[in-house]
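Descriptive analysis of the structure
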Amino acid sequence: MSRISKTLMGSVAGLAMMSGAALADDVEVLHWWTSGGEAAALNVLKDDLAGKGIGWTDMPVAGGGGEQAMTVLRARVTAGNAPTAVQMLGFDIQDWAAEGALANLNDLAAKEGWDDVVPAALQRFAKHDGNWISAPVNVHSTNWVWANKKIFDELGIAQPTNWDELIAALDKIQAAGYTAVAHGGQAWQDATIFDSVVMGVGGPEFYKAAMVDLDPAALGGEQMKTAFDRMAKLRSYVDDNFSGRDWNLASAMVIEGQAGVQFMGDWAKGEFLKAGQVPGQDFLCFRFPGTQGAVTFNSDQFAMFGVADDQQASQVEMASSVMSPTFQSAFNVVKGSVPARTDVPDTDFDACGKQGMKDLAAASASGSLFGSMAHGHAAPAGVKNAVYDVVTAHFNGEYDSATAVEELVAAVEGAQ
Ligand code: BGC
């Protein structure tokens, strides 16, 4: 463990007890919440902290999924200049904790009873060696479809519930002259669809065997070939300009009525809301056909890095804000995610948010809740990046499905 983190273990704990606006300094926050909906949600946090007298120094690093943000973070830490707080996902949090770089939030967590209200699936990432090392702000899930309701109504399309119905719906949308699938050709976006497709092909058991357990038989079997065949089929519904497009611009295509659906995590809902759209009226949210009952999740968490003594009170204040039930409701209503605490009422959430909360609880109870591979909750970054490479190469036509399956087995093995 590094010297700085040992110091932190002691002093953050002490300051937690006497924390207050008078002691607090500014926080510098590294994050990748740069789209309209994301920025609106971030403002909820900035305002909350401002109310406590804590200023905000913004360190945005654009790039959905946070890959670029993690590269910038590594450079900052290496230069001995870590930000105060960092948005982070799953295994990345664990990796930084293993390096001894993260502050220990045990005293605050004990004082506020986090153990009792944060579900085990999130504690698995927010704790390291039994110590709290991050504050979970939300739970997102990746197996959603966001649809333009006017297009569905105009073409008489009912919500598809399985793969064949989905394909029939996409064919209809395409035949009517719309882009059927709004998509941005970036590796993390391709992988986000892959989460759903894998779950849809073989259900929770197959998803777990392939994406979580990294079982070579599941990664290299017939079902995985079917998953790649389905990815190739979906590729036939995107427009010619999809390459490199940011995810929020793909959402805009659905919002503006140019495209029928987007397969994306529920941060997409933030874009629809920011555009003044209402679920059930302007857009539809439903689970990726064939994955109903299951949830592939990711949780944005704030990890605190080793900083000068005078900034530690702000870190504790920020963690405390993030974990407050009222904040978790206000923030997630805007962000599209659902609370990381199990004791937050769904009163203020729209229909999609209420469904998200219900689905999460049901999937957790039935053992059908699994971390998203695309968003760093199924496997460490090395494996995730190996999966990205194969999925994207296949999506862009470099491999046929049989080759992709072989490459996937080899890439995942090589990355472990
Ligand atoms: C994060 C979301 C974010 C999305 C797109 C995901 O990895 O968990 O909070 O909105 O990336 O940027």
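Here the residue index of a chain counts from 1 through its sequence in written order. Local features are withheld for residues below a pLDDT of 70 in this predicted model, meaning they are given only at 70 or higher, and side-chain atom pairs are given and counted only at 80 or more; totals for whole chains, interfaces and linings count all residues. Side-chain descriptors were evaluated using all non-hydrogen atoms of the structure, hydrogens and water having been removed beforehand.

Moving on, we get to the pattern of salt bridges. Note on definitions: salt bridges are taken to be side-chain nitrogens of Lys or Arg within 4 Å of carboxyl oxygens of Asp or Glu. Tallied over the full model, the rule gives 11 salt bridges. Notably, a salt bridge pairs Lys225 with Asp229, separated by 3.3 Å at the nearest N-O pair. Note that Lys225 and Asp229 are positioned in helix α12 (residues 222-235) at a spacing of 4 residues, about one turn of the helix. On the basis of relative accessibility, which here comes to 28%, the residue Lys225 falls in the partly exposed class. Secondary structure elements follow DSSP: runs of H or I no shorter than four residues count as helices, runs of E no shorter than two count as strands, and numbering proceeds from the N terminus. Each residue is assigned to one of three classes by its accessible area relative to the maximum for its type, calculated with a 1.4 Å probe on protein chains only: buried under 20%, partly exposed between the two thresholds, exposed over 50%.

By size, the foremost hydrophobic cluster in this structure holds 55 residues, and its most contacted members are Leu170, Phe194, Met211, Met224 and Phe263. If one sorts the elements of this core by residue count, helix α10 (residues 187-212) sits on top with 11 residues. Apart from the residues lying within four places of it in its own chain, the contact partners of Met224 are Phe194, Val198, Phe206, Ala210, Met211, Ala218, Leu219, Val405 and Leu408. Listed in part, the 43 residues of the second largest apolar core include Leu45, Leu49, Leu122 and Val338. Residues enter a nonpolar core if they are buried and are Ala, Val, Leu, Ile, Met, Phe, Trp, Tyr or Cys, with the set joined through side-chain atoms within 4.5 Å. Contacts are residue-level and defined by heavy atoms, with any inter-residue pair within 4.5 Å sufficient.

We define proximity as follows: a residue is near a molecule or strand when any one of its heavy atoms falls within 4 Å of that partner. Taken together, 14 residues sit near the ligand, with Trp33, Glu38, Asn298, Asp300 and Lys335 positioned nearest. At 3.2 Å, a backbone N or O of Gly65 approaches an oxygen atom of the ligand. Nonpolar residues are Ala, Val, Leu, Ile, Met, Phe, Trp, Tyr, Cys and Pro. Charged residues are Asp, Glu, Lys and Arg, and all others, Gly as well, are polar. Its residues assigned to classes, the shell around the ligand shows 5 nonpolar, 6 polar and 3 charged. All domain edges in this entry derive from an automatic or database-based domain assignment. Counting contributing residues per domain, the shell around the ligand is built from domain 1 (6-140 + 298-355) and domain 2 (144-296 + 365-415), each supplying no fewer than three. Counting of polar contacts relies on pairs of N or O atoms within 3.5 Å, with two restrictions inside protein: one atom must be capable of donating a hydrogen and the other of accepting it, and residues adjacent in sequence are counted only when both atoms are side-chain atoms.

Okay, the domain arrangement of the chain next. Assigned domains within the chain: domain 1 (6-140 + 298-355) and domain 2 (144-296 + 365-415). Computed from C-alpha coordinates alone, the two centres of domain 1 and domain 2 are separated by 28 Å. Domain 1 puts 27 residues into the contact, and the matching count from domain 2 is 27 residues. Note on domain 1 versus domain 2: buried area summed over both sides is about 2300 Å², and carbon and sulfur give 58% of it. Accessible surface is computed with a 1.4 Å probe, and the buried area is the amount of it that two parts give up when combined, taken over both parts together. For the domain 1 face of the interface with domain 2, the top three residues by lost area are Phe91, Asn298 and Cys352, together amounting to 25%. The interface formed by domain 1 and domain 2 includes 1 salt bridge. Ionic pairing is found between Lys269 and Asp350, a salt bridge with its closest N-O pair at 2.9 Å. The interface formed by domain 1 and domain 2 contains 8 residue pairs in polar contact (both at pLDDT 80 or more).

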